[in-house]
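# Notes for the structure review
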Amino acid sequence: EMQFDESGGGLVQAGGSLRLSCAAAGFPVGDYAVGWFRQAPGQEREGISYMSSSDDSTLYAESVKGRFTISGDSAKNTFYLQMNSLKTEDTAVYYCATDLSWVPGSPIATDVDRYHYWGQGTQVTVSS
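Just so we're clear, the structure is a prediction, and the values are computed from it rather than from any experiment. (Residues numbered from 1 in each chain as written. Predicted model: local features only at pLDDT ≥ 70, side-chain atom pairs only at ≥ 80, totals over all residues. Heavy atoms only, no water.)

## With respect to the sheet that holds strand S5 (residues 46-52)
Counted only if it meets this: When DSSP finds two or more bridges between two strands, those strands count as paired. Secondary structure elements are defined from DSSP: runs of H or I of at least 4 residues count as helices, runs of E of at least 2 residues count as strands, and each element is numbered from the N terminus. Working convention: axes come from line fits to C-alpha atoms, limited for helices to the stretch in contact. Angles between N-to-C directions cover 0 to 180 degrees.
Pairing is mixed in the open sheet, where six strands are placed in the order S2-S10-S9-S4-S5-S6. Two strands bound the open sheet, and with one partner strand each, they are strand S2 (10-13) and strand S6 (57-60). On average, each strand axis in the sheet is tilted by 25° relative to the strand beside it, whichever way the strands run. Where S5 meets S6, four bridges bridge the pair, whose relative direction is antiparallel. Counted as the bridge partner of Tyr 50 is Leu 59 from S6.

Rendered as structure tokens:
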């Protein structure tokens, strides 16, 4: 069974930092493209960061580029999202997911429909 468990969210002041963790079970995350997504109140989910450990590549949405960093630890079968300089606009429920159809050597897909996620998400709230 493939499953994700997101953690690390919380309430922070604008300008603060959080580190989100995504623990995976049932498959090695290092073999696949993975990503972080978020869903703000009243909005649909959006992809904000992606990573392929096999190809050592990362992608970021323009809204978080320069502030967020995605990384992974294959030994722990976990990947992370370090969020710095948080803004009120970052308030959302954050999810992790994987594109199991990704093939090494191919570009990381950014289409939300390519990804599957099973976690309940972790709430990030940034106050002014």
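## Remarks on the sheet that holds strand S1 (residues 3-7)
Pairing in this open sheet of four strands is antiparallel, and the strands run S1-S3-S8-S7 from one edge to the other. The outermost strands of the open sheet, each flanked by one partner alone, are S1 and strand S7 (68-73). Between one strand and the next, the sheet's axes are offset by a mean angle of 20°, whatever the strand orientation. Bridge count between S1 and strand S3 (residues 18-25): five bridges; the pairing is antiparallel. Across the sheet, Phe 4 pairs through a bridge with Ala 24, a residue of S3.

## Points about the pairing of S7
For a regular strand, the rule is simple: side chains alternate between the two faces of the sheet. Strand direction decides the pairing type here: S7 and strand S8 (residues 78-83), joined by six bridges, are antiparallel. When the sheet's bridge partners are listed, Gly 72 is paired in S8 with Phe 79. In sequence, S7 turns back onto S8 through a hairpin of four residues, with Asn 77 there showing a positive phi of about 55°.

## A closer look at the side chain of Arg 67
Stated formally: When a residue's accessible area, from a 1.4 Å probe over protein chains only, is under 20% of the maximum for its type it is buried; when over 50% it is exposed; and in between it is partly exposed. In protein, a polar contact means a hydrogen-donor-capable atom and an acceptor-capable atom, both N or O and within 3.5 Å, with residues adjacent in sequence counting only if both atoms are side-chain atoms; elsewhere, any N or O pair within 3.5 Å suffices. Only heavy atoms matter for contacts: two residues are in contact if any of them lie within 4.5 Å across the pair.
For Arg 67, the location among the structural elements is in the loop between S6 and S7. The exposure class of Arg 67 is buried, given its relative accessible area of 10%. Looking at Arg 67, its side chain comes within polar contact range of the main-chain oxygen of Ser 63, at 2.9 Å. When residues no more than four places from it in sequence are discounted, the contact partners of Arg 67 are Gln 82, Met 83, Asn 84, Ser 85, Leu 86, Lys 87 and Asp 90.

## Here's the deal with the nonpolar core
For clarity, the threshold we go by: Within this scheme, the nonpolar core is defined by two criteria: the residues are buried Ala, Val, Leu, Ile, Met, Phe, Trp, Tyr or Cys, and they are joined through side-chain atoms within 4.5 Å.
Judged by nonpolar contacts, the single largest core of 26 residues is most densely connected at Phe 4, Trp 36, Phe 68, Phe 79, Leu 81, Met 83 and Tyr 94. Among the elements of the structure, S3, strand S4 (33-39), S5, S7, S8, strand S9 (92-99) and strand S10 (122-127) are those that each provide at least two residues to this core. Tallying contributions element by element places S3 first for this core, with four residues. The contact partners of Leu 81, leaving out residues within four places of it in the chain, are Leu 18, Arg 19, Leu 20, Trp 36, Ile 48, Ser 49, Phe 68, Thr 69, Ile 70 and Tyr 94.

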